[in-house]
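Structure at a glance
Below, each chain spelled out in residue letters.
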2 protein chains.
Amino acid sequence: MENSLELTTTIALNAWNIHIDRVNKIFDELSDDELAKEVSPGRNTGIYLLGHMAAVHDAMLPLLGLGDASYPQLVPIFIRTPDKSGVEKPPVNELRKCWKDANGKLAERFNSMKPEQWLERHTSISEEDFKKEPHRNRLSVLLSRTNHLASHMGQLLFLKN
Amino acid sequence: MENSLELTTTIALNAWNIHIDRVNKIFDELSDDELAKEVSPGRNTGIYLLGHMAAVHDAMLPLLGLGDASYPQLVPIFIRTPDKSGVEKPPVNELRKCWKDANGKLAERFNSMKPEQWLERHTSISEEDFKKEPHRNRLSVLLSRTNHLASHMGQLLFLKN
C-alpha cells in the first residue's frame, strides 16, 4: 500500500501545480494597470488578490513546518485587512516577485518530500490533538490551499478580456 | 498503510463536502431573480453556473462508474454551449432540483465506497492506458471536480450583496 500513498500525493501535487501554472499565466498576461482594476464592481482588485495569495502561500512554509515565512509583512495588509482599507500596499512588481518566490520555495520543498511526510501534522495543531485528529495533516493543507487558489482563479479570470 | 489511504480519501471527501455545503448555502440564499443576474458584467449568469455545475456533477456518476447520468439533457445546454447562446434553458426551480439530486446521489455512492475503490480507474481512460497512468483514477476526478466547484464558488459569491 506504500504505492497508494505515493499515488494520492502525486495526484494532490498535480492539482496544485496545474492551478499554480494557470494563475501564473493569468498574472503574467495582465499588465500592472489591468491588475489594479476590481475583478468585479465593488470587489477586490487584482493587486489585492495577488498580495493575498502571495501572503497565504508564503505562510504555508511555516504552517507545513517547511521553513520560515519570507514576507510576513504582507499578512497585516493582505490577510488581516480588506482591500481599499487605505493601508499602503507594496508596489505591484514587488508583489509579483513575492508570489513567484513563495511558490518557488514551496515547489522546492514539495519536490524533496517523501509521500509519508504529507501525513505528518501541520504546525497549527498540537501533537496531542493530532493524535485524535490525524486528518489534520499537511496533505489537508495542500488540498484546502489548492481550493483557495482555484476560487480566486475563478475571480481573476474576470480581469481578462 | 491501509490506514493512510483511508486518511487521504477522508481528507479529499471532506474538501468536497465543505465546498458542496458552501455552494448550497449560496444558491439557497439567492432568489431566482438574483440568480438570473450575471456574476460580473458580461460574464455567466448564476442560472447558467447552476445548470453547468448540475450537469458536471450529474456526469460524474458515469465518469466514476457509479451509475447513469439522470440529466444528460443539461449537457448540450450547460456544457457544450456558452451562456446567452439563445438556447432555451429549463426553469430555475428544475435546475435547483437537478443540482441537489445529483449531489445527493454522489453522496450516497461516496458513502458506500471503500478507500481502495478511489484508486480504481475512471471510465474515460481505457484499462490499457490506466496500467501506464494509474494516477488517472477516481480520486483525481474528485480533486479536479472539487477545484472546479471552488472556482465557480468564487464567482457566485459576487451575486451576494
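Residues numbered from 1 in each chain as written. Chains lettered and ligands numbered in written order. Predicted model: local features only at pLDDT ≥ 70, side-chain atom pairs only at ≥ 80, totals over all residues. Heavy atoms only, no water.

Here the focus is unusual backbone geometry. All names here are of chain A. Despite not being glycine, K84 shows a phi value in the positive range, around 60 degrees. Mapped onto the elements of the fold, K84 is located in the loop between helix 5 (74–78) and helix 6 (92–111). We classify K84 as partly exposed; its relative accessible area is 47%. (Helix = DSSP H or I, 4+ residues; strand = E, 2+ residues; numbered from the N terminus. Buried < 20%, exposed > 50% of the residue type's maximum accessible area, 1.4 Å probe, protein only.)

Moving on, we get to the pattern of salt bridges. Per the stated rule, a full pass over the model turns up 24 salt bridges over all chains. Note that R121 of chain A is salt-bridged to E127 of chain A, the shortest N-O span being 3.6 Å. D83 of chain B is the salt-bridge partner of K89 of chain B, the closest N and O atoms lying 3.1 Å from each other. Classification of K89 of chain B by relative accessible area gives partly exposed; the value is 27%. Salt bridges here are not isolated pairs; linked through shared partners, they connect K25, E29 and K160 of chain A. (Salt bridge = Lys/Arg side-chain N within 4 Å of Asp/Glu carboxyl O.)

Turning our attention to helix 6 (residues 92–111) of chain B. All names here are of chain B. The end-to-end C-alpha distance of helix 6 is 29 Å, a good match for the 28 Å that 20 residues give at a rise of 1.5 Å each. Of the positions making up helix 6, those classed as buried are V92, L95, C98, W99, A102, N103, L106 and F110. For helix 6, the angular spread of buried residues about the axis comes to 115 degrees, placing them on one side. Counted as exposed and oriented over 90 degrees from the buried face of helix 6: K97, E108 and N111. (Expected span 1.5 Å × (residues − 1). Arc of directions from axis to C-beta.)

Between the two copies of the chain lies a rotation about an axis combined with a shift along it. Of the two same-sequence chains, chain B is brought onto chain A (RMSD 0.0 Å, axial shift 0.0 Å) by a rotation of 180 degrees. The two molecules are tied by a two-fold rotation axis, judged by turn and shift. Considering only C-alpha atoms, the residue of chain B closest to the rotation axis is S151 of chain B, which sits at 1.9 Å. Interface overlap between copies: 100% of the residues of chain B at the interface are likewise at the interface in chain A, consistent with a symmetric, same-surface contact. (Least-squares fit on C-alpha atoms with pLDDT ≥ 70 in both. Contact = heavy atoms within 4.5 Å.)

What follows concerns the confidence of the model for chain A. Residues of chain A with pLDDT of at least 70 account for 99%, and the chain-wide mean is 96. Here the prediction assigns the complex a pTM of 0.97, and the interface score ipTM is 0.96. (pLDDT = per-residue confidence, 0-100.)

Our next topic: the environment of I47 of chain B. All names here are of chain B. With respect to the helices, strands and loops of the structure, I47 is situated in helix 3 (residues 46–58). In sequence terms I47 and L64 are 17 residues apart; their C-alpha atoms lie 26 Å from each other. In contact with I47, other than residues within four places in its own chain, are D32, L35, A36, F78, K89, V92 and L95.

Chain B puts 32 residues into the contact, and the matching count from chain A is 32 residues. Together, the buried faces of chain B and chain A total about 2700 Å²; carbon and sulfur atoms form 73% of this surface. The three residues of chain B that bury the most area against chain A are I11, N147 and F158 of chain B, which together make up 23% of that side's buried surface. Counting across the interface, chain B meets chain A through zero salt bridges. The tally of links from chain B across to chain A stands at seven residue pairs in polar contact (both at pLDDT 80 or more). Breaking the side of chain B that touches chain A down by element, the ones donating at least two residues are helix 1 (2–29) and helix 8 (138–156) of chain B. Here the side of chain B that touches chain A is built from residues that sort into 16 nonpolar, 13 polar and three charged. (Buried area = accessible area lost by both parts, 1.4 Å probe. Polar contact = N/O pair within 3.5 Å; in protein donor to acceptor, adjacent residues only side chain to side chain. Nonpolar A, V, L, I, M, F, W, Y, C, P; charged D, E, K, R; others polar.)

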